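So you can see what is in the structure, the chains are spelled out below.
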There are 2 protein chains.
Amino acid sequence: MSDLLERLRGRGWRMTAQRRVVAEVLDGEHVHLTADEVLARATARLPEISRATVYNTLGELVTLGEVIEVSTGRAKRYDPNAHRPHQHLVCSGCGAIKDVHPGGDPLTALPDSERYGFTVSAAEVTYRGLCPDCTARG
Amino acid sequence: MSDLLERLRGRGWRMTAQRRVVAEVLDGEHVHLTADEVLARATARLPEISRATVYNTLGELVTLGEVIEVSTGRAKRYDPNAHRPHQHLVCSGCGAIKDVHPGGDPLTALPDSERYGFTVSAAEVTYRGLCPDCTARG
DNA sequence: TCCTACGATGGACGAAGTCCAAGTCAATAC
DNA sequence: GTATTGACTTGGACTTCGTCCATCGTAGGA
């Protein structure tokens, strides 16, 4: 088990069976799950868990900065890899997502003259294209 | 009136009152409307237009590359400014969106070693922060 | 062990988007 | 101008994704 649960407990997060299961599901597989997928995997471990709780917990983890919310298609996806800056490569055909790690901070690419007085805090970069399988399929 | 309608006609787009109205709505205001906002403005000009037609037409314009789909919040937004490369600055407080035009093509920032065999065709960059109003409100 | 405030539940609700069978019409041919 | 036809439109049902809320349960401190 990673230290995600430790970190959360250390930040005063009240630990419940439900929250633990959701955190474990996210922490366990470094893929990008939708809320429904998280619910399915959580239900496998704790059948009584409710949808509202999964949504609540995911929202809290995002607020705490432990998980990143990614909107690439219809449903939001949740990325547990929040501790290392990275970007996403999304297949327009099948929706597959891969993490990529280019160098440089995209935030620095935005000059003050283009900030319109905004307090800019983050930059998301999403590359779109076709994965090898979808490229082959035409 | 711009040449959007001309371009579409030239590409063999069958012109109907509904499609013309949707294209005019998008072309008229350089803001980032949701599908429902497009429907509302279109309905003002052509009361019988249906929601399905607005969605269909928006989808076609996106496929044709005349409009860009932007997913920044709950609902997708449609950006008619597809002919000039640009990026988006989004307020996390109120959802306002501004176009920004930094130099350089973000696609070149992704080395081949990070492409995993994908045929990469586009890069979207979204800057997030607080607009001046929301910054002031704390 | 008891208290209590915080968290979980589940079912209703709402927003955004898709689908489909039937009707309509733009563009072409005559 | 009329006929033809296949593409376009309609509207309402349906699906998916997400939120809300009143009520119940329980983690963690006293």
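Residues numbered from 1 in each chain as written. Chains lettered and ligands numbered in written order. Predicted model: local features only at pLDDT ≥ 70, side-chain atom pairs only at ≥ 80, totals over all residues. Heavy atoms only, no water.

Chain A is annotated in an unreviewed UniProt entry as Fur family transcriptional regulator of Streptomyces longisporoflavus. According to its UniProt record, chain A has this under Sequence similarities (unreviewed entry): "Belongs to the Fur family." (UniProt positions renumbered as here; feature names shortened; annotations may be inferred.)

All names here are of chain B. Pairing is antiparallel across the open sheet formed by three strands, whose spatial order is β1-β3-β2. The open sheet has two edge strands, β1 (33-34) and β2 (68-71), and neither has a second partner. Judged from the four bridges that link them, β2 and strand β3 (residues 76-79) form a sheet pairing that is antiparallel. Along β3, the bridge assignment pairs I68 with D79. (Pairing = 2+ DSSP bridges. Helix = DSSP H or I, 4+ residues; strand = E, 2+ residues; numbered from the N terminus.)

Moving on: the interface of chain A and chain B. Contacts between the two partners involve 33 residues from chain A and, on the opposite side, 33 residues from chain B. Of the roughly 2800 Å² buried where chain A meets chain B, counting both sides, 60% is carbon and sulfur surface. The salt bridge involving B:E124 is made with A:R128; its shortest N-O contact spans 2.4 Å. Where the side of chain A that touches chain B is concerned, the elements lending two or more residues are β4 (87-91), β5 (97-100), β6 (119-130) and α5 (132-137) of chain A. The element best represented in the side of chain A that touches chain B is β6(A), accounting for 12 residues. In terms of residue class, the side of chain A that touches chain B is built from 19 nonpolar, eight polar and six charged. Here β6(A) runs beside strand β6 (residues 119-130) of chain B; their pairing, made up of 11 bridges, is antiparallel. Following the sheet pairing, A:T119 is matched in β6(B) by B:L130. (Contact = heavy atoms within 4.5 Å. Buried area = accessible area lost by both parts, 1.4 Å probe. Salt bridge = Lys/Arg side-chain N within 4 Å of Asp/Glu carboxyl O. Nonpolar A, V, L, I, M, F, W, Y, C, P; charged D, E, K, R; others polar.)

Looking now at the domain arrangement of chain A. Residue and element names in this part refer to chain A. Entries for chain A in the domain assignment read domain 1 (4-79) and domain 2 (87-137). A C-alpha centroid distance of 23 Å is found between domain 1 and domain 2. Across the boundary between the two partners, domain 1 contributes five residues, which contact five residues of domain 2. Across the domain 1 to domain 2 interface the summed buried area is about 490 Å²; carbon plus sulfur atoms make up 56%. It is H32, V70 and T72 in domain 1 that bury the most area against domain 2; as a group they hold 73% of the surface buried on that side. (Domains from an automatic or database assignment.)

The predicted coordinates of low-pLDDT regions are not to be read in fine detail. When pLDDT is averaged across chain A, the result is 91; 98% of the residues are at 70 or more. Confidence, read as mean pLDDT per element, is least for α5(A) in chain A (84) and greatest for helix α4 (residues 51-63) of chain A (97). (pLDDT = per-residue confidence, 0-100.)

Taken as a whole, this structure holds zero disulfides over all chains when the rule is applied. A:C134 carries a free sulfur, and the closest cysteine sulfur to it, the one in A:C91, is 3.7 Å from it. What makes A:C134 buried here is its relative accessible area of 9%. No disulfide involves B:C91; its sulfur sits 3.7 Å from that of B:C94, the nearest cysteine. (Disulfide = S-S within 2.5 Å. Buried < 20%, exposed > 50% of the residue type's maximum accessible area, 1.4 Å probe, protein only.)

A separate point is the protein's contact with DNA strand C. DNA strand C sits among 21 residues. The nearest are A:T16, A:Q18, A:S50, A:T53 and B:R51. Backbone sugar and phosphate groups make up 68% of those atoms of DNA strand C lying within 4 Å of the protein. A distance of 2.9 Å is found between a base nitrogen of DNA strand C and a side-chain nitrogen or oxygen belonging to B:R51. Where the surface near DNA strand C is concerned, the elements lending two or more residues are α2 (17-28) and α4 of chain A together with α3 (35-45) and α4 (51-64) of chain B. (Near = heavy atom within 4 Å. Polar contact = N/O pair within 3.5 Å; in protein donor to acceptor, adjacent residues only side chain to side chain.)

The full count for this structure, using the stated rule, is zero aromatic pairs over all chains. The positively charged end of A:K98 is found above the aromatic ring belonging to B:Y116, 4.6 Å away from the centroid. (Phe/Tyr/Trp six-rings, centres within 6.5 Å; stacked < 30°, edge-to-face > 60°. Lys NZ or Arg CZ within 6 Å of the ring centre and 35° of its normal.)

Turning our eyes to something else, we now look at the side chain of A:H88. Residue and element names in this part refer to chain A. With respect to the helices and strands, the residue H88 is situated in strand β4. We classify H88 as buried; its relative accessible area is 7%. A polar side-chain atom of H88 sits 3.3 Å from a polar atom in the side chain of D99. Not counting residues up to four positions away in its chain, the partners in contact with H88 are H32, V70, D79, I97, K98, D99, V100, V125, T126 and Y127.

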